[in-house]
Amino acid sequence: MAEPLRPFRLRRCGSPQKFGVAAGSLRGLLRKGCRLLQVRGGPGRDDTRLGCRLQMLDGTASSGCRRSGPGLELPAETRAELQPLRSGPPGAGVSPGAGSHSPVGQLPLAGSHLCLYEDGTELTESYFRALPAQTELVLLGPGQSWRGCASDIERLLAAFCSHQGAVVEAARRLLTDERAPHRQKLLADLVHNLSENILAEDKEEDEKWFEGLESRFKNKSSYLRHSCESRMRGYMREVTGFISNVHPSARDAYRGIIDLMAEKLKSVKYNGCYFDRREKEEAARLCTAEGWFSCQGPFDRDDCPCKHSINPYSNRESRILFSTWNLDHIIEKKRAVVPELAEAVKTRDGREVNWEYFYQLLFTLDNLKLVHIACHKKTNHNLSCDKSRIYRKRKQTQEIS
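The structure contained in this document is the topic of the report that follows. Everything numeric in this text was worked out from a predicted model, so none of it was measured.

Reading the values: the criteria
Residues numbered from 1 in each chain as written. Predicted model: local features only at pLDDT ≥ 70, side-chain atom pairs only at ≥ 80, totals over all residues. Heavy atoms only, no water. 1 Å grid on protein atoms, 1.4 Å probe; cavity = no way out; pocket = protein on both sides within 12 Å on 5 of 7 lines; lining within 4 Å. Points joined across faces, edges and corners; volume = space filled by probe spheres on them. Helix = DSSP H or I, 4+ residues; strand = E, 2+ residues; numbered from the N terminus. Nonpolar A, V, L, I, M, F, W, Y, C, P; charged D, E, K, R; others polar.

## Looking at the layout of surface pockets
Over the atoms, a rolling probe the size of a water molecule traces out where space has been left empty.
Okay, so step 1: Taken as a whole, the largest pocket encloses approximately 420 Å³ of empty space.
Okay, so step 2: Together, 17 residues line the largest pocket, and Leu327, Asp328, His329, Lys333 and His376 are the ones closest to its centre.
Okay, so step 3: Mapped by element, the contributors of at least two residues to the lining of the largest pocket are α7 (220-241), β9 (326-329) and α10 (333-346).
Okay, so step 4: Per-element accounting of the lining of the largest pocket gives the leading share, 4 residues, to β9.
Okay, so step 5: Residue classes in the lining of the largest pocket are distributed as 3 nonpolar, 5 polar and 9 charged.
Okay, so step 6: Space inside the second largest pocket adds up to approximately 320 Å³.
Okay, so step 7: Of all elements in the fold, only α4 (149-162) and α6 (181-194) reach the threshold of two or more residues within the lining of the second largest pocket.
Okay, so step 8: Here the residues of the lining of the second largest pocket sort into 7 nonpolar, 2 polar and 2 charged.

## Notes on empty space enclosed by the protein
Okay, so step 1: All chains considered together, the criterion is met by 2 cavities of 30 Å³ or more.
Okay, so step 2: Of the volumes computed, that of the second largest cavity is approximately 40 Å³.
Okay, so step 3: Every residue lining the second largest cavity is listed: Tyr223, Leu224, Ser227, Arg319, Phe322 and Ser323.
Okay, so step 4: Of all elements in the fold, only α7 and α9 (316-322) reach the threshold of two or more residues within the lining of the second largest cavity.
Okay, so step 5: For the lining of the second largest cavity, the residue count by class is 3 nonpolar, 2 polar and 1 charged.

Okay, structure coming up:
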């Protein structure tokens, strides 16, 4: 007994246009789909003849459907060659017209197959029978694959890269009339993230980026370098300010270490290179050559679970938002490093404090992670300094007899 016809939504790989197709078996649906969409052999060669008269997803009929690009409508003489999709028993499909380029004997095409749009699961006959009506499917030709919604996202990202200006303008037009808050947010974020001038470096090239900054900053990198230097100077002020907590007998030694650290920090220009995309040594900066920074994740993780990223070089808003990102001390500055330094000076008992170790913990990437504000955990890290590195190892002397 023939299976009753059930409607499905069918599209070809790489096209957003969908068609309603009814079939009672997987083979019947595959045959109809191949005739309707004219799938041909080989990856990248899945052509489409969309002149068939059929019921569209919005309920309207089309006798001359357009292809996926705007304004690319098939000429009347081509549409005349194509015959309508006719109803019939399972396995019945589109009767090819006299000018059809795909003979009946070659369909369904060897190697063509159907899969779920949602996740790319390939259909079998038994799986097909369990599908509900109106399931969205993708017809693939030989050599093609579909990874579900991820494939559409990849196409969307490709459009952002190749038609950025057009995408921004289209999003702005949609945003003008949009009233749903969630969609407004998505469109506004899209416009913001694509309305950028990343490659511009000097003030003359992107004056809006410099709004609100002191006039002495003439290029983006100099400001970002200054931003990093300011953070390092702030850390040094905290170390200096802790001297009131140091035992009076050890304060002179503590000041001496502060002076050594300050000289070291000054010699490396306060590690401003961390934020400077022009820094030639890649390992010395936290961003890419274009200025992209990636969150390194909370202190107790090796990576960022949310994949936060930002480019403060791109536009003014991103520059401002970047100021909320933190250079987080893995071994905490206030709870562990500075108090341990003060204690080491007090109890040195003739030993030499390894100030360079404390310098690394306070001012270098040995103990600093760049984190998005949401990944900055302000709870107690419960980490301490390495006791074996607090003092310099004494040189062993050997008597010569």
